Amino acid sequence: MNMATIATATDKPEKKQQPTQPKSEHKPQRARMDDKFKIFCGTANEALTDEICSFLDLQRGKATVTRFSDGEAYIHIQENVRGADVFVVQPTCFPVDEHLMELLLLVDALKRASARRITTVIPYYGYARQDRKDKPRVPVSAKVIADLLTTAGAHRALVVDLHAPQIAGFFNIPVDHIFASPVLVDHFKKMQLPNLTVVSPDAGGVERARFFAKKIDAALAIVDKRRTDMNVAEVMHVIGDVKGRTCLIIDDIIDTAGTLVKTAEALINAGATKVFACASHPVLSGPAIERISKSRLEEVVVTNTIPLTAAAQAEPKIKVLSIAGLLGRTIQSIHEETSVSSLFV
């Protein structure tokens, strides 16, 4: 079956006179129209791309992504990009390989159309969990993806909350690694949860949880987890005092939600009164929605790096926050050659 996605045209309307009233806080401070500043996307997360374009007062680049009956992707850039600074927004989420191939072909098409610079904006970096050779005769898949993007013609990459920060070193091109934490921290600050303890569901996420706890002035706890197989985890015990406290589990990815639900159960058994959770990337595969629905979690807050399925959108325990403004400010900073790190101080 053929599928086609046609992006909106980039023909710029005449610039309207700016109103005298103050700009909305949702708009960037230095938004401008620029014929050499273009944003394209594949089919993975068009809604996020449109939000970014709206934030930057741009129109999405005109391109088509179609498929032959056997599933083979075909890309056509439908406007002039010669000499342009181009950003391609495409998370490599489910179906991972299809979306990855779209991204590679988009980059190649833009390179052959003489774009001056191509930046791949990857809100969710697929294969990030395969970042090391932990068993004999296995690939370091995260490195392979980095090499593919570079070979296709990407000049730099913008990624959000890598599963392991060292993946940025797998690239031979500049990488801007940003975090969704400012959006999540702001949300939980407004909630003003009493007696709050931030919890890392494993030892590898302690640094992330410590940063979060510092930002919202909360205590820190860790759950000792032993993984017995892929997507299977056995929670052992809680390190830290959570009795009579509200707990907030911090993670980067929620996949099948097995770890998340078992962590919440362990915290309740240790005396926690309520358990909330948040993560940057809502992969939510397999039985994840059912597990969250039946769990003792009060709320699971995620961002829109990955578009939610209809089932996830219908689950009342799942709340989605947008990182379009965060990505929009970063993209504009890269385009204008200003400091990205200063945006997150």
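Right above here is the structure, for reference.
Treat the numbers as computed from the prediction; the structure is a model and nothing was measured.

What counts as what
- Residues numbered from 1 in each chain as written.
- Predicted model: local features only at pLDDT ≥ 70, side-chain atom pairs only at ≥ 80, totals over all residues.
- Heavy atoms only, no water.
- Helix = DSSP H or I, 4+ residues; strand = E, 2+ residues; numbered from the N terminus.
- Buried < 20%, exposed > 50% of the residue type's maximum accessible area, 1.4 Å probe, protein only.
- Arc of directions from axis to C-beta.
- Contact = heavy atoms within 4.5 Å.
- Disulfide = S-S within 2.5 Å.
- Pairing = 2+ DSSP bridges.
- Right-handed = clockwise from strand over helix to strand, strands pointing away.
- Salt bridge = Lys/Arg side-chain N within 4 Å of Asp/Glu carboxyl O.
- Phe/Tyr/Trp six-rings, centres within 6.5 Å; stacked < 30°, edge-to-face > 60°.
- Polar contact = N/O pair within 3.5 Å; in protein donor to acceptor, adjacent residues only side chain to side chain.

## A word on the environment of A63
Following the sequence through the fold, A63 ends up in strand β3 (residues 63-67). The class for A63 is buried, based on a relative accessible area of 2%.

## Points about helix α1 (residues 46-56)
Considered for burial, the residues of α1 that qualify are L48, T49, I52, C53, F55 and L56. For α1, the angular spread of the buried residues around the axis is 160°, confining them to a single face. Considering only its buried residues, α1 is in contact with β2 (37-41), β5 (85-89) and α9 (324-335). Just downstream of α1 lies D57, where phi reads positive at about 60°.

## A short note on the state of the cysteines
Within the structure shown, the criterion is met by zero disulfides. For C41, which is in no disulfide, the shortest distance to another cysteine sulfur is to C53 and amounts to 7.6 Å.

## Examining unusual backbone geometry
Residue P95 follows F94 across a cis peptide bond; omega there is -10°. In this structure, P95 sits in the loop between β5 and α2 (96-112). The phi dihedral of D57 is positive, around 60°, even though this residue is not glycine. Phi at S114 is positive, roughly 70°, even though this residue is not glycine. The residue S114 is located in the loop between α2 and β6 (117-122) in this model.

## Looking at the pairing of β6
Along β6, six of the six residues are buried, which leaves the element largely enclosed by surrounding structure. Of the two faces of β6, the one carrying R117, T119 and V121 and the one carrying I118, T120 and I122 are both buried. By the bridge criterion, five bridges tie β5 to β6 in an arrangement that is parallel. Residue pairing in the sheet places D85 in a bridge with R117 of β6. With respect to chirality, the unit in which β5 leads through α2 into the neighbouring parallel β6 is right-handed. Where β6 and strand β7 (residues 156-160) come together, four bridges link them in parallel fashion. Looking at the pairing, I122 lines up with V159 of β7.

## Topic: the pattern of salt bridges
One pass over the structure, following the stated rule, counts 17 salt bridges. As a salt-bridge pair, D50 and R60 come within 2.9 Å of each other at their nearest N and O atoms. With D50 in helix α1 and R60 in the loop between α1 and β3, the pair connects residues that are 10 residues apart, well separated along the chain. The partly exposed category is assigned to D50, whose relative accessible area is 33%. Judged by its relative accessible area of 6%, R60 is buried. Put simply, K143 and D147 hold a salt bridge, and the shortest N to O gap is 3.1 Å. With a gap of four residues between them, K143 and D147 both fall in helix α3 (residues 141-152), about one helical turn apart. We classify K143 as partly exposed; its relative accessible area is 27%. By relative accessible area, which is 30% here, D147 ends up partly exposed.

## Concerning the packing of aromatic side chains
Per the counting criterion, the structure on display carries four aromatic pairs. Here F37 and F87 contribute two aromatic rings whose centre-to-centre distance is 5.7 Å and whose plane-to-plane angle is 70°, an arrangement assigned as edge-to-face. Of this pair, F37 sits in strand β2 while F87 sits in strand β5; the two residues are 50 residues apart in sequence, bridging distant segments of the chain.

## Brief notes about the side chain of E79
Mapped onto the secondary structure, E79 falls in the loop between β4 (73-77) and β5. E79 gets classed as buried once you look at its relative accessible area, which sits at 16%. A polar side-chain atom of E79 sits 2.9 Å from a polar atom in the side chain of K38.

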